[in-house]
Amino acid sequence: MQTLHAAPASFLAPPAPHVLPPAAPAPRGAGILSAKAPAPAAATARTHAWFRSTPRSNRRRRCGRAASSDAGGTVASVDDAKRDVLIALSQIIDPDFGTDIVSCGFVKDLEISDALEEVSFRLELTTPACPIKDEFEKKANEVVAALPWVKKVSVTMSAQPAQPVYAGGLPEGLQKISNIIAVSSCKGGVGKSTVAVNLAFTLAGMGARVGIFDADVFGPSLPTMVSPENRLLVTNPESGSILPTEYLGVKMVSFGFAGQGRAIMRGPMVSGVINQLLTTTDWGELDYLVIDMPPGTGDIHLTLCQVAPLTAAVIVTTPQKLAFIDVAKGVRMFSKLKVPCVAVVENMCYFDADGKRYYPFGQGSGAQVVQQFGIPHLFDLPIRSTLSASGDTGIPEVVADPQGDVAKTFQNLGACVVQQCAKIRQQVSTAVSYDRSIRAIRVKVPDSDEEFLLHPATVRRNDRSAQSVDEWTGEQKVQYGDIPEDIEPEEIKPVGNYAVSITWPDGFSQIAPYDQLEMLERLVDVPRAATPAVASS
């Protein structure tokens with residue numbers, strides 16, 4: 001079986017919406033494993049990513065800063081002790097971004113005992129599903145215990161509260177969901193629902209809070225694939241919100257649980273039902289909401305992408321050429337909607353018999369999707385009777401056989417999804433910021449290595465909304481001279497994966513898509529201020 005070995009997930013805590021940029025943007029691509037990477041390479045990448053290789057000049061500087069402890073192994077004050085601990089912890093770096101955990105903001109509640117002998121602190125990760133949280137805890141214990149004055153170390157692991165990068169304008173039911181993952185094939189019968197359900201229960205097994213939304217009103221699959229005790233959705237009499245049913249800790253909503261069976265209705269009605277089920281459900285705090293998308297690329301898909309801020313998409317296909325044709329349409333749809341596709345799952349690839357591997361439907365469809373559209377990861381699923389039977393018995397395969405080969409493939413897929421979602425959130429959170437020290441807006445569009453600078457007045461003058469441009473005539477309402485040259489943004493927040501919302505001093509809130517920002521006149525040769533910018537929340 002060819003699969004992608006589990007890669008370290010990114011745990012870079014996305015900063016709160018801010019006006020100023022972080023001190024040092026994290027480099028992209030560190031710790032990422034290519035599709036179907038062999039195990040030794042993965043292990044090497046992980047081992048070498050833990051400790052930073054420090055230049056000599058930096059080592060001398062750090063030694064000077066760490067001189068708070070004397071030759072006898074004692075420190076003079078609590079402040080000196082905390083400085084020693086933070087310097088020690090800064091040796092540990094995030095395996096994806098190459099940034100130390102102190103700069104990432106992981107270290108919380110650092111306390112030193114009065115006797116200056118005991119240390120306690122908390123490492124706050126972005127998700128409880130972190131695949132290498134145990135390694136983080138172990139390394140943190142080791143580097144702090146190595147300090148000569150430390151006799152006892154207490155490390156507590158935690159995760160951030162579930163919340164989207166930007167909750168403004170979202171329906172109340174979606175405001176406590178960190179990541180929304182679409183599982184799509186754009187063609188029926190390829191095993192999309194099987195992948196969605198098993199991915200959701202895999203993420204739950206990794207420690208995450210997970211929900212599944214079955215978006216297929218015409219043929220809901222969830223009631224067949226899982227066996228919750230309560231098979232009917234109920235509403236909260238006080239709030240009127242829908243209460244999801246649960247199975248093994250995973251929250252679930254499907255039209256099949258509404259007591260209506262399969263729907264017979266027109267497209268606009270279906271979109272309304274999907275909207276109501278998704279947005280009025282009391283999902284609570286979720287780290288991941290997996291949406292089992294219906295076949296096709298129609299109104300329902302557009303509705304879901306507009307209502308829910310999709311973090312990423314997982315594409316499911318089969319080896320046949322016909323499946324590839326429909327999948328390609330879906331990938332292009334997600335591309336236009338600025339939803340990154342992070343993995344391809346090729347289902348029903350092969351079976352093993354008599355010591356040989358057979359490919360009854362041919363090979364290459366999944367690889368073709370990866371190569372043509374640049375999707376980074378590919379996972380193969382075999383033709384296996386147990387995988388098919390689990391969808392009929394109401395017990396997902398990863399629950400029925402958690403140590404099997406299929407479960408291991410889904411564990412690798414789960415680790416990939418966790419990693420890619422964290423990367424996307426970090427990129428979106430820091431894509432656009434205001435550097436007050438040079439009075440310029442910094443832009444680094446996700447999935448781009450290029451960073452450029454824009455003058456705030458240029459961004460404000462190029463707003464294309466109805467408040468600035470007449471929708472009928474195209475006449476510019478806001479004239480060049482109406483915008484002062486020294487205008488500065490008050491707040492910049494991400495809007496989905498495609499734009500930012502910029503609040504200006506006059507109270508105007510401008511939606512600036514990344515595509516538009518890339519077309520504006522850029523600043524060059526901007527002089528650096530004497531004092532560095534300081535981020536403010």
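Report follows, based on the coordinates. (Residues numbered from 1 in each chain as written. Predicted model: local features only at pLDDT ≥ 70, side-chain atom pairs only at ≥ 80, totals over all residues. Heavy atoms only, no water.)

### Concerning the sheet that holds strand 2 (residues 118-125)
Thought 1: Here we have 3 strands laid out as an open sheet, ordered 1-2-3, and mixed in their pairing. The open sheet has two edge strands, strand 1 (107-112) and strand 3 (152-159), and neither has a second partner. Averaged over all pairs of adjacent strands, the angle between strand axes in this sheet comes to 10°, irrespective of strand direction.
Thought 2: With 8 bridges joining them, strand 2 and strand 3 adopt parallel strand pairing. Residue pairing for strand 3: Leu-125 is matched across the bridge by Ala-159.
Thought 3: In the packing of helix 5 (residues 133-145) onto the sheet, the strands contacted are strand 2 and strand 3, and the crossing angle to strand 3 comes to about 155°. (Pairing = 2+ DSSP bridges. Helix = DSSP H or I, 4+ residues; strand = E, 2+ residues; numbered from the N terminus. Axes fitted to C-alpha atoms, helices over the stretch in contact; angles between N-to-C directions. Contact = heavy atoms within 4.5 Å.)

### A closer look at the nonpolar core
Thought 1: With 107 residues, the main nonpolar core has Phe-213 and Phe-334 as its most contacted residues.
Thought 2: If you look at the next biggest cluster of nonpolar residues, it comprises 28 residues, including Ala-88, Cys-104, Val-119 and Leu-125. (Core = buried A, V, L, I, M, F, W, Y, C linked by side-chain atoms within 4.5 Å. Buried < 20%, exposed > 50% of the residue type's maximum accessible area, 1.4 Å probe, protein only.)

### Topic: unusual backbone geometry
Thought 1: One non-glycine residue, Leu-116, adopts positive backbone phi at about 55°.
Thought 2: In this fold, Leu-116 is placed in the loop between strand 1 and strand 2.
Thought 3: A residue is classified by how much of its surface remains accessible, and Leu-116, at 16% relative accessible area, is buried.
Thought 4: The phi dihedral of Leu-248 falls on the positive side, at around 55°, and the residue is not glycine.
Thought 5: Assignment of secondary structure puts Leu-248 in the loop between strand 8 (245-247) and strand 9 (250-254).

### Considering the packing of helix 10 (residues 321-336) against helix 11 (residues 365-373)
Axis angle and axis distance: for two packed helices, these are the angle between their axes and the distance between the axes, and together they describe the pair.
Thought 1: For the pair helix 10 and helix 11, interaxial distance at closest approach is 11 Å and the crossing angle is 30°. In terms of axis orientation, helix 10 runs roughly parallel to helix 11. For the pair helix 10 and helix 11, the sense of crossing is right-handed. For the pair helix 10 and helix 11, contact is made by Phe-324, Val-327, Ala-328, Val-331 and Arg-332 and by Ser-365, Gln-368, Val-369, Gln-372 and Phe-373, respectively.
Thought 2: Its residues assigned to classes, the contact of helix 10 with helix 11 shows 6 nonpolar, 3 polar and 1 charged. (Parallel < 35°, antiparallel > 145°, perpendicular 65-115°, else oblique. Left-handed = near helix turned anticlockwise from the far one by under 90°. Nonpolar A, V, L, I, M, F, W, Y, C, P; charged D, E, K, R; others polar.)

### Some points on empty space enclosed by the protein
Thought 1: Within the structure shown, the criterion is met by 3 cavities of 30 Å³ or more.
Thought 2: Its volume calculated, the second largest cavity comes out at about 100 Å³.
Thought 3: Lining the second largest cavity are 13 residues, and of these Thr-126, Thr-127, Ser-178, Asn-179 and Arg-425 lie nearest its centre.
Thought 4: No other element matches helix 14 (residues 405-429), which puts 4 residues into the lining of the second largest cavity.
Thought 5: Looking at the lining of the second largest cavity residue by residue, the classes come out as 5 nonpolar, 6 polar and 2 charged. (1 Å grid on protein atoms, 1.4 Å probe; cavity = no way out; pocket = protein on both sides within 12 Å on 5 of 7 lines; lining within 4 Å. Points joined across faces, edges and corners; volume = space filled by probe spheres on them.)

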